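The residues making up each chain are set out below.
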Amino acid sequence: MGRFVAFHCRACGERTPPEPAPRFACPGCGFEALDVELDLAAIRRTVTPALIGARRDPSLWRYRELLPVAMPRDDEGPLRQVGGTPLYSSPRASARIGGARVHIKDDGRLPTGSLKDRASAVVAMRARELGVDCILAASTGNAGVAIAAMAQAAGMRAIVLVPAAAPPAKIAQLMLFGARLLLVRGTYDDAFRLSREASRELGLYCRNTGYNPFTVEGKKTVSFEICEQLTQQAARADSDPSRAELSAPDAPPSKWLAPDRVYVSVGDGNIIVGVAKGFADLLALGFIERMPRLFGVQSAGSAAIANAWRQGSEHIERVSSNTLADSISADMPSDGLRALRAVRDSGGDYLVVSDSAILSAIVELARDATVFAEPAAATAYAGLLHHAQESAIPPSEDVVVLVTGTGLKDVAAATRAVAAAPTTIDPSMSALRQALS
Ligand SMILES: Cc1ncc(COP(=O)(O)O)c(C=O)c1O
Ligand SMILES: [Zn+2]
């Protein structure tokens, strides 16, 4: 792709040309979470919010010029269906946090039920360009499911390594989507280490989070959607005088609105890096005028990045993770450095919440926004509620909470969260009356 100009290493600054071969590490220093650099100045000359706004395609491919890979064909099913998830306003959530407008971005609605579809669709297209026919991934579950589905749609094979203790729904999805599934007796970190070794020794193309540079390029599209959708919503709410600068709903706006804050659940740190890259791209293109503040939320049982943040250090110490939020359980996060810098550069913060706060947030999100989240996805909402108790959130702000995976991924956790058991009755009116009395 002409617009993809270099791999960039944030650790040492080196730029590497985008050769048509897999690249995972910086040739200068060995750092393993490279950025994909696009020629944003050239893109800025031809792509406008109006051009994108006029497109009917709701998927992430509506932003095709801002992506480093070619678009899949129309008939490639889920590869073409990733993106376009709803952004709900939640007046109940707003009331709960003191008045700021709360918007829930529900990526549990993607084809395999998690935000990882965005990354996997883009990685699958990169793999096609490289002529690869098999993709390897280690995952807590969701990324593996997503690459299994996207590889299958692209006519490729996938080999997926997940911890043997992954939730049964994720394992079932992996079996259904045709992956060669290997359940590893060990943690996610064990599976990650093994997959990197296998990638090197067996010459397999690896999708791993914080390792394959293209995951961020897919994940950043969630930020494009947030800004475009906020703008559409504000244009519809034309009675709000604070939004008077926006154009009428029938004229595509020449700028997009950015939220004030975004809350993101963090394990390896790759999603928040992608979210930051999305806003940074839009800023560089002149589509938005300011960067939102990013708030990374970790579980107290897996808080390696937040620990480093508290110490003001870029050195991340391994932890021994123990949290029910399996998707954000990472002993040694693979994208920690970039995740720390993404939050720092945005003027945000890292927050830590307990497993019991995560379980409560599953219930609160269901009640406040009618969204069913898996534990790792409800963590962002737990962070917002915790934050609102600690420090006032100005009522004038637009706050986005990213829901990264559906609750159907982990029904056992949801059952724990609701605590109360349902009532069972005989099929008679008297039994029903008695139960309701
Ligand atoms: C549902 C869900 N939320 C959050 C995350 C955290 O993303 P990251 O590990 O990139 O920080 C994941 C990653 O697996 C996930 O599946
Ligand atoms: Zn380097």
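Below or above, wherever it landed, is the structure these notes cover. A quick note: this is a predicted structure, and the numbers were derived from the prediction, not measured. (Residues numbered from 1 in each chain as written. Chains lettered and ligands numbered in written order. Predicted model: local features only at pLDDT ≥ 70, side-chain atom pairs only at ≥ 80, totals over all residues.)

**Regarding the overall build of the protein chain**
Here is step 1 of the chain: Broken down by element type, the protein chain carries 17 helices and 13 strands.
Here is step 2 of the chain: Compactness check: the protein chain gives a C-alpha radius of gyration of 21 Å against a globular reference of 22 Å for 437 residues, within 12% of the reference.
Here is step 3 of the chain: With 437 residues in all, the protein chain has 51% of them scored as buried.
Here is step 4 of the chain: Here the analysis covers contacts within the protein chain between residues at least 6 apart in sequence; of these, 71% occur between residues at least 24 apart. (Helix = DSSP H or I, 4+ residues; strand = E, 2+ residues; numbered from the N terminus. Rg over C-alpha atoms; globule rule 2.2 N^0.38 Å. Buried ≥ 20, exposed ≤ 12 C-beta atoms within 10 Å, placed from the backbone. Contact = placed C-beta atoms within 7 Å.)

**Let's talk about the site of ligand 1**
Here is step 1 of the chain: The immediate surroundings of ligand 1 are formed by 20 residues, with G267, D268, S327, T404 and G405 found nearest.
Here is step 2 of the chain: Elements with a contribution of two residues or more to the shell around ligand 1: helix 6 (142-153), helix 11 (270-285) and helix 15 (375-390).
Here is step 3 of the chain: Here the residues of the shell around ligand 1 are counted per class, giving 6 nonpolar, 11 polar and 3 charged. (Near = placed C-beta within 6 Å. Nonpolar A, V, L, I, M, F, W, Y, C, P; charged D, E, K, R; others polar.)

**Quick word on the pairing of strand 3 (residues 35-38)**
Here is step 1 of the chain: Only one face of strand 3 is covered, namely the one carrying V36 and L38; the face carrying D35 and E37 has none of its residues buried.
Here is step 2 of the chain: The pairing of strand 1 (residues 4-8) with strand 3 spans 4 bridges and is classified as antiparallel. Paired with H8 across the two strands is D35, which belongs to strand 3. (Pairing = 2+ DSSP bridges.)

**Section: the sheet that holds strand 1**
Here is step 1 of the chain: Read across the open sheet, the 3 strands follow the order 2-1-3; overall the sheet is antiparallel. Sheet topology places strand 2 (15-16) and strand 3 at the edges, where each strand pairs with a single neighbour.
Here is step 2 of the chain: Judged from the 2 bridges that link them, strand 1 and strand 2 form a sheet pairing that is antiparallel. Residue pairing in the sheet places F7 in a bridge with T16 of strand 2.

**Overview of the environment of V47**
Here is step 1 of the chain: Structurally, V47 is set in the loop between helix 1 (40-46) and helix 2 (49-53).
Here is step 2 of the chain: Distance in space between the C-alpha atoms of V47 and I271 is 25 Å, their sequence separation being 224 residues.
Here is step 3 of the chain: Residues within four places of V47 in sequence aside, it is in contact with E65 and L285.

**Thoughts on unusual backbone geometry**
Here is step 1 of the chain: Phi at T370 takes a positive value of approximately 55 degrees, unusual for a residue other than glycine.
Here is step 2 of the chain: Looking at the secondary structure, you find T370 in the loop between helix 14 (355-369) and helix 15.
Here is step 3 of the chain: You can call T370 exposed: it has 12 C-beta atoms within 10 Å.
Here is step 4 of the chain: A positive phi angle is found at A419, which is not glycine, with a value near 65 degrees.
Here is step 5 of the chain: Within the secondary structure, A419 is located in the loop between helix 16 (411-418) and helix 17 (429-436).

**What about the sheet that holds strand 11 (residues 293-299)?**
Here is step 1 of the chain: The strand order 4-5-13-10-11-12 describes an open sheet built from 6 strands, whose pairing is mixed. Every other strand in the sheet has two partners, leaving strand 4 (87-89) and strand 12 (349-353) as the edge strands with one partner each. If you compare each strand with its neighbour and ignore which way they point, the axes differ by 25 degrees on average.
Here is step 2 of the chain: Across 3 bridges, strand 10 (residues 261-265) lies against strand 13 (residues 398-403) in parallel orientation. Within strand 13, the position partnered with V262 by the bridge is V400.
Here is step 3 of the chain: Strand contacts of helix 13 (residues 336-346): strand 11 and strand 12, with the helix running at about 140 degrees to strand 11, the strand carrying the most contacts. (Axes fitted to C-alpha atoms, helices over the stretch in contact; angles between N-to-C directions.)

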